[in-house]
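Listed here are the chains, written in short residue letters.
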There are 2 protein chains.
Amino acid sequence: MIVNKLRELRERKKTQSATPEEWSQEGLAKKLGVTRQTIISMEKGTYNPSLELAFKIARVFETSIEDVFEYRDDEHET
Amino acid sequence: MIVNKLRELRERKKTQSATPEEWSQEGLAKKLGVTRQTIISMEKGTYNPSLELAFKIARVFETSIEDVFEYRDDEHET
DNA sequence: TTTATATGTAAAGTATACCTTACGTAAAGT
DNA sequence: ACTTTACGTAAGGTATACTTTACATATAAA
């Protein structure tokens, strides 16, 4: 299973940025070229991004994929 | 677009391993819990893995996602 | 009270990751 | 010659990432 720090990273950017609207869900969606629904679902953990989107996210937050997303083995794997 | 070093990494493991069969396409597929078709398609570049599979791959090759996969912007993006 | 901004939910559709099965080829060993 | 191992291709199916549209709620500002 994959957990992410998306909301945390976004909120941090929002408070630190001179233009917080850039870091609303909608602003982030625009930066990434996806819809707001996609951001919501990822923040909720409803689904995981594709590898390509994960790369874009890491780039936007100026960090690595491994810093945004964490992979944990579940004991119940198929 | 995403490019990967899968084939290269797999071949290296194959020659360096005491048990090269482990690192055939089929052997790798078993390690990752996917089918051989999935390995073939990724090595060919036909499709990109999910983030979860990318994590598993990095783990199996004892390295990072960024070391296995590279993200390049194309000029022609939607 | 009205308007704008940010967040959330739901449902139906499209694109693609991944699976299953089946067949083809080439090399190496018996 | 035949068997095994590794690699490849093709086609149809399932799961899920992502889209589109529409509606709802809370807050802050006019």
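Data block above holds the structure.
The structure contained in this document is the topic of the report that follows.

Criteria and cut-off values
- Residues numbered from 1 in each chain as written.
- Chains lettered and ligands numbered in written order.
- Predicted model: local features only at pLDDT ≥ 70, side-chain atom pairs only at ≥ 80, totals over all residues.
- Heavy atoms only, no water.
- Buried < 20%, exposed > 50% of the residue type's maximum accessible area, 1.4 Å probe, protein only.
- Near = heavy atom within 4 Å.
- Polar contact = N/O pair within 3.5 Å; in protein donor to acceptor, adjacent residues only side chain to side chain.
- Helix = DSSP H or I, 4+ residues; strand = E, 2+ residues; numbered from the N terminus.
- Nonpolar A, V, L, I, M, F, W, Y, C, P; charged D, E, K, R; others polar.

### Section: unusual backbone geometry
Now for step 1: The phi angle at E62(A) is positive, at roughly 55 degrees, despite the residue not being glycine.
Now for step 2: Owing to a relative accessible area of 64%, E62(A) belongs among the exposed residues under this scheme.

### Focus: the protein's contact with DNA strand C
Now for step 1: Taken together, 20 residues form the shell around DNA strand C, and within it Q25(A), Q37(A), T38(B), Y47(B) and S50(B) come nearest.
Now for step 2: Looking at DNA strand C alone, sugar and phosphate atoms form 66% of those within 4 Å of the protein.
Now for step 3: The side chain of R36(A) places a nitrogen or oxygen atom 2.9 Å from a base oxygen of DNA strand C.
Now for step 4: Going through the elements one at a time, α1 (6-16) and α3 (36-44) of chain A together with α3 (36-44) of chain B are the ones with two or more residues in the surface near DNA strand C.
Now for step 5: Looking at the surface near DNA strand C residue by residue, the class counts come to five nonpolar, nine polar and six charged.

### Some words on the protein's contact with DNA strand D
Now for step 1: For DNA strand D, the set of nearby residues contains 20 residues, the closest of which are T38(A), Y47(A), S50(A), Q25(B) and Q37(B).
Now for step 2: Within 4 Å of the protein, atoms of DNA strand D come from sugar and phosphate in 63% of cases.
Now for step 3: R10(B) places a side-chain nitrogen or oxygen 3.4 Å from a phosphate oxygen of DNA strand D.
Now for step 4: Taking R36(B), its side chain carries an N or O atom lying 2.9 Å from a base oxygen of DNA strand D.
Now for step 5: Elements that contribute at least two residues to the surface near DNA strand D include exactly α3 of chain A together with α1 (6-16) and α3 of chain B.

Take it as geometry only, folks, not as evidence of what the structure does.
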